[in-house]
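The primary structure of each chain is shown beneath.
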Amino acid sequence: MNANATTSQGRDGQTFFQPRRLGHVNLVVDDVDRSMDFYMQVVGFEEAYRRPQVKAGFLSNGNTHHDIGLVESSGPLGQGRPAGLNHTAFELETEVDLVADYDRAISSGIEFDRTSDHDIAHAVYGLDADGNQYEVYADVIREWRQARHGVVTKPKPNWTPGSTPPNSERNYHRDPEIRRVKDAIFHPLRTTHAVLVLENFERAFETYCTVVGLSPIVGDADSAFAVLGGTCGERNLGLFRARDGRVPGLHHVGLQVWGESDLNESLKRLASTGHEIEAEFDYPTRRGVFLKDPDGIRLQFYVDRDPGAEALRHCDEETALFLV
Ligand SMILES: [Fe+2]
């Protein structure tokens, strides 16, 4: 396996994977127990499972096996890196697709970072031109709650795409029951998008479009910003150019909440707890807030009044950061 993904496009210009949507975001945090408490009590996710041996925790309200993954910076998965993005992860239709697209990519000279058997999902990891890691994965077990809950200690076997018979089932849940953590401050339905600020915007855009296989919804490799999505048609990934006052890396993680009145109630509860919001915004198409987690990782809680992308096509770059 190559250590770096330096080649982003196949020799004949073809594209490779074709994700449905963003599945989860994985974050490096300085204290996984502190962050698990925050993501349960404030953000409003349930604990899905923990892997204390590697200082990692996973949260979900039922959308998928985890909407948020947390790895501790001092642990073997955090590898001493500062708090921030570990990876964005994009959900494929089936493992058959994962294996076939991986084989095609390797044959075309694409390089990946690593591959992994996560028991409930099989995954391939690569890096964009800034070194942000992405994951493309397919669920291989549909009933993930039965397979992964509580404290998970099962070691991960070595796995490369095709080394086990690929599963042809669509194991994601199309219309899952979403649980609501009543006593939490916010009530997210799920993680819907991530926004990255990039030094190497054009090359990263190419990687996310050609290798990861997302489609541009707004913008292109030459524009000030771009918004990409999977086959479900959602806005899953925002890409913005680094510049003064906008540092490279993860800008925010987007969490869709139950509704506007629910968001208003959350803000009332938040005000009584001492947690400070970074910004509150109210556009005709979206209302929401930015809040930072214990490590300063920015989270957006939002509700869309108009799910279309039309407003994004006509707004300036700063406004677009709120509307991805
Ligand atoms: Fe992941």
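Heads up: these notes are all about the structure in this document. (Residues numbered from 1 in each chain as written. Predicted model: local features only at pLDDT ≥ 70, side-chain atom pairs only at ≥ 80, totals over all residues. Heavy atoms only, no water.)

### Overview of the sheet that holds strand β9 (residues 150–151)
Moving on, step 1. Spatially, the nine strands line up as an open sheet ordered β6-β7-β8-β5-β1-β4-β3-β2-β9, and their pairing is mixed. Taken across any chain shown, the strands that pair with only one partner, and hence form the sheet edges, are β6 (114–117) and β9.
Moving on, step 2. For β6 and strand β7 (residues 121–127), the ladder comprises four bridges, and the chain directions are antiparallel. Of the residues in β7, the one forming a bridge with Ser-116 is Ala-123. (Pairing = 2+ DSSP bridges. Helix = DSSP H or I, 4+ residues; strand = E, 2+ residues; numbered from the N terminus.)

### Quick notes on unusual backbone geometry
Moving on, step 1. Unlike most non-glycine residues, Lys-55 shows phi in positive territory, near 55°.
Moving on, step 2. Relative to the helices and strands, Lys-55 resides in the loop between β2 (46–51) and β3 (56–60).
Moving on, step 3. Taking relative accessible area as the criterion, Lys-55 reaches 34% and is therefore assigned partly exposed.
Moving on, step 4. Not every positive phi belongs to a glycine, and Asp-119 is a case in point at roughly 75°.
Moving on, step 5. Here Asp-119 is to be found in the loop between β6 and β7. (Buried < 20%, exposed > 50% of the residue type's maximum accessible area, 1.4 Å probe, protein only.)

### Some thoughts on empty space enclosed by the protein
Moving on, step 1. On inspection of all chains with the given rule, the structure shows one cavity of 30 Å³ or more.
Moving on, step 2. Its volume calculated, the largest cavity comes out at about 30 Å³.
Moving on, step 3. Taken together, Arg-235, Thr-285, Arg-286, Gly-308, Ala-311, Leu-312 and Leu-323 form the lining of the largest cavity.
Moving on, step 4. Counted by class, the lining of the largest cavity contains three nonpolar, two polar and two charged residues. (1 Å grid on protein atoms, 1.4 Å probe; cavity = no way out; pocket = protein on both sides within 12 Å on 5 of 7 lines; lining within 4 Å. Points joined across faces, edges and corners; volume = space filled by probe spheres on them. Nonpolar A, V, L, I, M, F, W, Y, C, P; charged D, E, K, R; others polar.)

### Overview of the environment of Gly-84
Moving on, step 1. Tracing the backbone shows Gly-84 in strand β5 (residues 84–91).
Moving on, step 2. Along the backbone, Gly-84 and Leu-27 are 57 residues apart, and their C-alpha atoms lie at a distance of 5.6 Å.
Moving on, step 3. In contact with Gly-84, other than residues within four places in its own chain, are Asn-26, Leu-27, Val-28 and Ile-297. (Contact = heavy atoms within 4.5 Å.)

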